[in-house]
Amino acid sequence: QKEVEQNSGPLSVPEGAIASLNCTYSDRVSQSFFWYRQYSGKSPELIMSIYSNGDKEDGRFTAQLNKASQYVSLLIRDSQPSDSATYLCAVNSNTGKLIFGQGTTLQVKP
Amino acid sequence: EAGVAQSPRYKIIEKRQSVAFWCNPISGHATLYWYQQILGQGPKLLIQFQNNGVVDDSQLPKDRFSAERLKGVDSTLKIQPAKLEDSAVYLCASSKKGDQPQHFGDGTRLSIL
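My aim in this report is to walk through the structure given alongside it, one point at a time. (Residues numbered from 1 in each chain as written. Chains lettered and ligands numbered in written order. Predicted model: local features only at pLDDT ≥ 70, side-chain atom pairs only at ≥ 80, totals over all residues. Heavy atoms only, no water.)

Let's shift gears to the pattern of salt bridges. All names here are of chain A. Throughout the structure, instances matching the rule amount to 6 salt bridges over all chains. Arg-77 is the salt-bridge partner of Glu-57, the closest N and O atoms lying 3.5 Å from each other. In this pair, Glu-57 sits in strand E6 (residues 54-58) while Arg-77 sits in the loop between strand E8 (71-76) and strand E9 (85-92), placing the two residues 20 residues apart along the sequence. Since its relative accessible area comes to 60%, Glu-57 is described here as exposed. Judged by relative accessible area, which is 28%, Arg-77 ranks as partly exposed. (Salt bridge = Lys/Arg side-chain N within 4 Å of Asp/Glu carboxyl O. Helix = DSSP H or I, 4+ residues; strand = E, 2+ residues; numbered from the N terminus. Buried < 20%, exposed > 50% of the residue type's maximum accessible area, 1.4 Å probe, protein only.)

See below:
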């Protein structure tokens, strides 16, 4: 079992729709969770961090964390073509090491 | 605030040659990381420094890879000798502490011929 799992996609949504990106992790004692956006040929850019159960909203982005289910998700409302990128889920292990999923490619079609 | 600086941006070498990458973290960030990102995969941690000490190098292929962070600021990552499977983007990141969000540099794209 991979430590952090994401569906590689591509996930295709029409412009203006809600994009839902999901991530599961295996280490129950993980405390910190991050979503990074990576455009093709660019480095990862931090867009959301979440540390406690529930929802955290920042503009069009909402991160959701459920530690009991070992599940973290990212919702993007009113998706724009400029949101087309690979979204990386990252989980801080109990050793302090950040483990990345393989990323989900999002395509927002005009 | 200046971001994480890396150089070079691109490097092409032949297998069995050596190569070195340089990273300057965000000012005041004590923790520095080197990642390897192969096309289509997420970044994989190679080594983590806290100031000038190594916290985790469990996934660093120590027979060919080495890294140092003298004086707890800049860092260099070296590969000697390079293999074809080392073709990847090498990313440097830094954070204030080990459990804080990490910020990435632009990376070095390495191609091995």
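Core analysis: the largest hydrophobic core is formed by 24 residues, its most contacted members being Trp-35, Val-72, Leu-74, Ile-76 and Tyr-87 of chain A. Sorting the residues of this core by element identifies strand E3 (19-25), strand E4 (32-38), strand E5 (45-50), strand E7 (61-66), E8, E9 and strand E11 (104-109) of chain A as the ones contributing at least two each. Those residues in contact with Tyr-87 of chain A that sit more than four places away from it in its chain are Gln-6, Leu-21, Trp-35, Tyr-36, Arg-37, Ile-47, Leu-74, Ile-76, Gly-103, Thr-104 and Leu-106 of chain A. Within the second largest apolar cluster, 21 residues are counted, among which are Leu-60, Phe-65, Ala-82 and Leu-110 of chain B. (Core = buried A, V, L, I, M, F, W, Y, C linked by side-chain atoms within 4.5 Å. Contact = heavy atoms within 4.5 Å.)

Applying the stated criterion to the full structure yields 10 aromatic pairs over all chains. A ring pair is formed by Tyr-25 of chain A and Phe-33 of chain A, whose centres lie 4.9 Å apart and whose planes are at 50 degrees; its orientation type is tilted. In terms of burial, Tyr-25 of chain A and Phe-33 of chain A fall into one category: buried. Plain terms: the ring middles of Phe-65 of chain B and Tyr-90 of chain B are 6.4 Å apart, the flat faces sit at 40 degrees to each other, and that makes the pair tilted. With Phe-65 of chain B in strand E7 (residues 65-68) and Tyr-90 of chain B in strand E9 (residues 88-95), this residue pair connects regions lying 25 residues apart in the sequence. Here Phe-65 of chain B and Tyr-90 of chain B have matching classes, each one buried. (Phe/Tyr/Trp six-rings, centres within 6.5 Å; stacked < 30°, edge-to-face > 60°.)

Turning our eyes to something else, we now look at empty space enclosed by the protein. All names here are of chain A. Taken as a whole and judged by the stated rule, the model has 1 cavity of 30 Å³ or more. In this model, the largest cavity occupies a volume close to 40 Å³. Forming the boundary of the largest cavity are Glu-3, Val-4, Tyr-25, Ser-26, Asp-27, Ser-30, Val-91, Asn-92, Ser-93 and Ile-99. Here the residues of the lining of the largest cavity are counted per class, giving 4 nonpolar, 4 polar and 2 charged. (1 Å grid on protein atoms, 1.4 Å probe; cavity = no way out; pocket = protein on both sides within 12 Å on 5 of 7 lines; lining within 4 Å. Points joined across faces, edges and corners; volume = space filled by probe spheres on them. Nonpolar A, V, L, I, M, F, W, Y, C, P; charged D, E, K, R; others polar.)

Right, let's talk about the interface of chain A and chain B for a bit. Across the contact, 17 residues belong to chain A and 22 residues belong to chain B. For the pairing of chain A and chain B, the buried interface totals around 1400 Å² over both sides, and the portion due to carbon and sulfur atoms is 50%. Taken as a group, Ser-43, Lys-97 and Phe-100 of chain A account for 32% of the area that chain A buries against chain B, more than any other trio of residues on that side. Taken together, the links from chain A to chain B amount to 1 salt bridge. (Buried area = accessible area lost by both parts, 1.4 Å probe.)

What follows is about the state of the cysteines. A full pass over the atoms with the stated rule returns 2 disulfides over all chains. Here Cys-23 of chain A is linked by a disulfide to Cys-89 of chain A, with a sulfur-sulfur distance of 2.1 Å. Residues Cys-23 of chain A and Cys-89 of chain A are joined through a disulfide that is left-handed, its torsion about the S-S bond being -70 degrees. With Cys-23 of chain A in strand E3 and Cys-89 of chain A in strand E9, this residue pair connects regions lying 66 residues apart in the sequence. The disulfide partner of Cys-23 of chain B is Cys-92 of chain B, and the gap between their sulfur atoms is 1.9 Å. Between Cys-23 of chain B and Cys-92 of chain B the disulfide shows an S-S torsion of about -70 degrees. By sign, it is left-handed. With a gap of 69 residues between them, Cys-23 of chain B in strand E3 (residues 19-24) and Cys-92 of chain B in strand E9 connect regions that are remote in the sequence. (Disulfide = S-S within 2.5 Å.)

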